[in-house]
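Each chain, letter by letter, is given below.
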Amino acid sequence: QVQLVESGGGSVQAGESLRLSCAASGRTFTNYAMGWFRQALGKEREFVAGITWSGGRTGYADSVKGRFTISRDNAKNTVYLQMNSLKPEDTAVYYCAASDSLARLSSGGDYWGQGTQVTVSS
């Protein structure tokens, strides 16, 4: 089992930035690709960004490319999502997820955090 705990959500104005963190515990952190998903009210959960266990490869949804950056610190068992130039349409609950591979992660995680709310007002 892997336990994931997100933090860093909040309410910001359009154009501002937030950094989400996800602390992992349980099984070896470097065994897993990590990622972020989000779910807006009334919509399905969608993939936002993912990163391989080494950090050597990343993937992003088209809607966040160039604005969001995913990174990880394996020494701290933590994955981050730096979100810049936030838009009202980025408003959602953001979930951290872990899976065996980046390819598998992009279609859904094996382990999930509880989520953190991000609200962007215009």
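Residues numbered from 1 in each chain as written. Predicted model: local features only at pLDDT ≥ 70, side-chain atom pairs only at ≥ 80, totals over all residues. Heavy atoms only, no water.

Participant: Can you walk me through the nonpolar core in this structure?
Facilitator: In globular proteins that are soluble, nonpolar side chains generally tend to be buried together. In this structure, Leu-4, Met-34, Trp-36, Leu-81, Met-83 and Tyr-94 are the most contacted members of the largest nonpolar core, which totals 29 residues. When contributions to this core are tallied by element, the ones reaching two or more residues are β1 (2–7), β3 (18–26), β4 (33–39), β5 (46–51), β7 (68–73), β8 (78–83), β9 (92–99) and β11 (116–121). Judged by nonpolar contacts, the second largest core, of 6 residues, contains Ala-33, Phe-47, Ala-97 and Leu-102. (Core = buried A, V, L, I, M, F, W, Y, C linked by side-chain atoms within 4.5 Å. Buried < 20%, exposed > 50% of the residue type's maximum accessible area, 1.4 Å probe, protein only. Helix = DSSP H or I, 4+ residues; strand = E, 2+ residues; numbered from the N terminus.)

Participant: Could you clarify how one ought to interpret the side chain of Arg-38 in this entry?
Facilitator: By secondary structure assignment, the location of Arg-38 is in strand β4. In terms of polar contacts, Arg-38 uses its side chain to reach the side chain of Glu-46, at 2.7 Å. Residue contacts for Arg-38: discarding those within four places in its chain leaves Glu-44, Arg-45, Glu-46, Val-48, Ser-63, Val-64, Phe-68, Glu-89, Asp-90, Ala-92, Val-93 and Tyr-94. (Polar contact = N/O pair within 3.5 Å; in protein donor to acceptor, adjacent residues only side chain to side chain. Contact = heavy atoms within 4.5 Å.)

Participant: Mind showing me how you'd approach the sheet that holds β3 here?
Facilitator: Strand-to-strand pairing in sheets goes through backbone hydrogen bonds, with the strands running parallel or antiparallel. Here we have 4 strands laid out as an open sheet, ordered β1-β3-β8-β7, and antiparallel in their pairing. Either end of the sheet is taken by a strand with one partner, and the two such strands are β1 and β7. In this sheet, neighbouring strand axes are inclined to one another by 20 degrees on average, regardless of whether the strands run parallel or antiparallel. (Pairing = 2+ DSSP bridges. Axes fitted to C-alpha atoms, helices over the stretch in contact; angles between N-to-C directions.)

Participant: Help me understand the state of the cysteines, please; the structure alone is not making it clear to me.
Facilitator: Applying the stated rule across the entire model yields 1 disulfide. Between Cys-22 and Cys-96 runs a disulfide, and the two sulfur atoms are separated by 2.1 Å. Where Cys-22 bonds to Cys-96 through sulfur, the torsion about that S-S bond is close to -80 degrees, and the disulfide is left-handed. Pair noted here: Cys-22 is in strand β3 and Cys-96 is in strand β9, with a separation of 74 residues, a long-range link. Like Cys-22, the residue Cys-96 is buried in the burial classification. (Disulfide = S-S within 2.5 Å.)

Participant: Explanation requested: the pattern of salt bridges in the structure shown.
Facilitator: Where charged atoms of side chains with opposite charge meet at close range, the side chains can pair. Summed over all chains, the structure comprises 5 salt bridges. Residue Asp-62 is joined to Lys-65 by a salt bridge in which the shortest nitrogen-to-oxygen separation is 3.2 Å. Connected through salt bridges with shared partners, the residues Arg-38, Glu-46, Arg-67 and Asp-90 form a single ionic network. (Salt bridge = Lys/Arg side-chain N within 4 Å of Asp/Glu carboxyl O.)

Participant: Before we go on, may I ask you to explain the packing of aromatic side chains in this structure?
Facilitator: By convention here, two paired aromatic rings are described through the distance between centres and the angle between planes. Summed over all chains, the structure comprises 4 aromatic pairs. Relative to Trp-112, the ring of Phe-37 lies with its centre 4.9 Å away and its plane at 65 degrees, an arrangement referred to as edge-to-face. Here Trp-112 lies in strand β10 (residues 111–112) and Phe-37 lies in strand β4, a separation of 75 residues in the sequence. Sitting over the face of the ring of Tyr-95, Arg-45 holds its NZ or CZ atom 4.0 Å from the ring centroid. For Arg-72, the ring lying beneath its charged end belongs to Phe-29, and the centroid distance is 4.3 Å. (Phe/Tyr/Trp six-rings, centres within 6.5 Å; stacked < 30°, edge-to-face > 60°. Lys NZ or Arg CZ within 6 Å of the ring centre and 35° of its normal.)

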